[in-house]
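# Coordinate inspection notes
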Amino acid sequence: MKAITYTSIFLFLSFLPESSMAQKDVSHQQLIWYAYFLTLPVDENWSVVAEVQERHFIHPFAQHQFSLRTHVHRKLGQSGWEASAGFATFFQSPNNPSSELDLVEPELRPHMEMAYKQKFGKLTVDHRYRAEARYFHNLNLEKTGLADGYYFGGFRFRYRFLASYPIWKINENQVLKVIAGDELMVQAGKKVTYTFAQNRLIAGFGLSISPGLNVEATYQKWINQRQNGAYFNRDIVRIVVNHRLSTIKTQK
């Protein structure tokens, strides 16, 4: 019940930026995201997840982000809770797809996470609480190239609520689900100007192809506040492949 209460609060807060955007400079953009998540179970409680994500603008076509992330997960008994920790490297291209500056800025991002899964009949609800530290690559004085080293940009705290419900059972292994959720991000640190960072609303479908493979096709509304107080209002098509391998123990 506590998780549901927290969800209600976060969903209420997530809509607050929409009203403030009416009085701010807003840039509208369209993107496509591709992601591949590979899960390798070690045993019944431990697993390792590796992910790769590619993100680009649609019109004009231009690179936006590329990321690599690895994290280790540990189930906490039969409580439905899971803890994890990991590390990501992001490669950030200009936020303006028409920019003539061909600069890719690396970012290092360690994180810790707690996740909780609830079942209400056929409805599955996932709660994810993630805290991450962000280290940005130094730039030269002209902001046109990279300099040596990284600097600490601040902390970011994320809460994601994601619900899924099966709507068509093709056979025992193939099921079509509807997916809907929201993720709110806030930030803190000496270099942070605004507490609100991002909000991501998501809706779409997920198809289980086999016990270890499923594909998601979703639409995402991404509201991102910039350092100058303006906003990015982004419409995103997101295609995700989730691949879970079998352990040797499972195969036997």
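Here, the structure is the one placed above.
Throughout what follows, the structure given in this document is the object of discussion.

Thresholds, definitions, all that
Residues numbered from 1 in each chain as written. Predicted model: local features only at pLDDT ≥ 70, side-chain atom pairs only at ≥ 80, totals over all residues. Heavy atoms only, no water. Helix = DSSP H or I, 4+ residues; strand = E, 2+ residues; numbered from the N terminus. Buried < 20%, exposed > 50% of the residue type's maximum accessible area, 1.4 Å probe, protein only. Contact = heavy atoms within 4.5 Å. Areas by Shrake-Rupley, 256 points an atom, 1.4 Å probe, with all protein chains shown as cover. Pairing = 2+ DSSP bridges. Phe/Tyr/Trp six-rings, centres within 6.5 Å; stacked < 30°, edge-to-face > 60°. Lys NZ or Arg CZ within 6 Å of the ring centre and 35° of its normal. Polar contact = N/O pair within 3.5 Å; in protein donor to acceptor, adjacent residues only side chain to side chain. Patch = residues over 30% accessible without salt bridge, like charges linked within 9 Å, V, L, I, M, F, W, Y side chains within 5 Å. Salt bridge = Lys/Arg side-chain N within 4 Å of Asp/Glu carboxyl O. Axes fitted to C-alpha atoms, helices over the stretch in contact; angles between N-to-C directions.

When helices and strands are tallied, the protein shows 3 helices and 11 strands. Classification of the 252 residues of the protein by burial places 39% in the buried group. Restricting the contact set of the protein to residue pairs at least 6 apart, pairs at least 24 apart contribute 52%. If you sum the accessible surface of the protein, you get close to 14,300 Å²; carbon and sulfur atoms cover 61% of it.

Sheet topology note: the strand 2 (residues 46–57)/strand 3 (residues 62–75) ladder contains 12 bridges and is antiparallel. Counted as the bridge partner of R55 is Q65 from strand 3. From the end of strand 2 to the start of strand 3, which pair antiparallel, there are 4 residues. The pairing of strand 3 with strand 4 (residues 81–92) spans 11 bridges and is classified as antiparallel.

We now examine the packing of aromatic side chains. Taken as a whole and judged by the stated rule, the model has 9 aromatic pairs. For the ring pair Y135 and F152, a centre distance of 5.3 Å and an interplane angle of 50 degrees mean the geometry is tilted. Within this pair, whereas Y135 is found in strand 6 (residues 123–139), its partner F152 is found in strand 7 (residues 146–169), the two being separated by 17 residues in sequence. With 5.0 Å between their ring centres and 70 degrees between their planes, F152 and F155 make a pair best called edge-to-face. Using a relative accessible area of 42% as the deciding quantity, one classes F155 as partly exposed. The cationic tip of R55 hangs over the ring face of W33; the distance from NZ or CZ to the ring centre is 3.7 Å. Against the face of F90 rests R109, its NZ or CZ located 3.9 Å from the ring centre.

Inspection of the secondary structure assignment puts G149 in strand 7. Sequence-distant contacts of G149, that is, excluding residues within four places in its chain, are made with F136, H137 and N138.

Here the focus is the side chain of E113. Here E113 is to be found in strand 5 (residues 105–120). Relative accessible area serves as the criterion here: at 9%, E113 is assigned to the buried category. A polar contact of 2.7 Å, which involves the side chain of E113, links it to the side chain of R130. Leave out the neighbours within four places in its chain, and E113 touches H73, E82, A83, S84, R128, Y129 and R130.

For the bond running from H59 to P60, omega is 0 degrees, close enough to zero to count as cis. With respect to the secondary-structure elements, P60 resides in the loop between strand 2 and strand 3. Backbone geometry at K143 places phi at a positive 60 degrees, although glycine is not the residue there. Note that K143 resides in the loop between strand 6 and strand 7.

Moving on to the pairing of strand 5. Sheet topology places strand 4 next to strand 5; 12 bridges connect them, and they run antiparallel. The partner of F87 across the bridge, within strand 5, is P110. Relative to strand 6, strand 5 runs antiparallel, the two being bridged by 12 bridges. Opposite L108, over in strand 6, you have Y135 as the bridge partner.

Taken together, the side chains of Y165, I167, W168, I170, V178, F205, L207 and I209 make up a nonpolar region of the molecular surface, amounting to roughly 710 Å² of accessible area. Elements that contribute at least two residues to the nonpolar patch include exactly strand 7 and strand 9 (196–210). As for its placement among the helices and strands, Y165 is situated in strand 7.

Our next topic: the sheet that holds strand 11 (residues 231–244). In spatial order, the strands read 1-2-3-4-5-6-7-8-9-10-11; together these 11 strands close into a barrel with mixed pairing. The sheet shows a mean angle of 20 degrees between the axes of neighbouring strands, taken without regard to direction. Where strand 6 lies against strand 7, 15 bridges are found, and the strand directions are antiparallel. Bridging across to strand 7, H127 finds its partner in F161.

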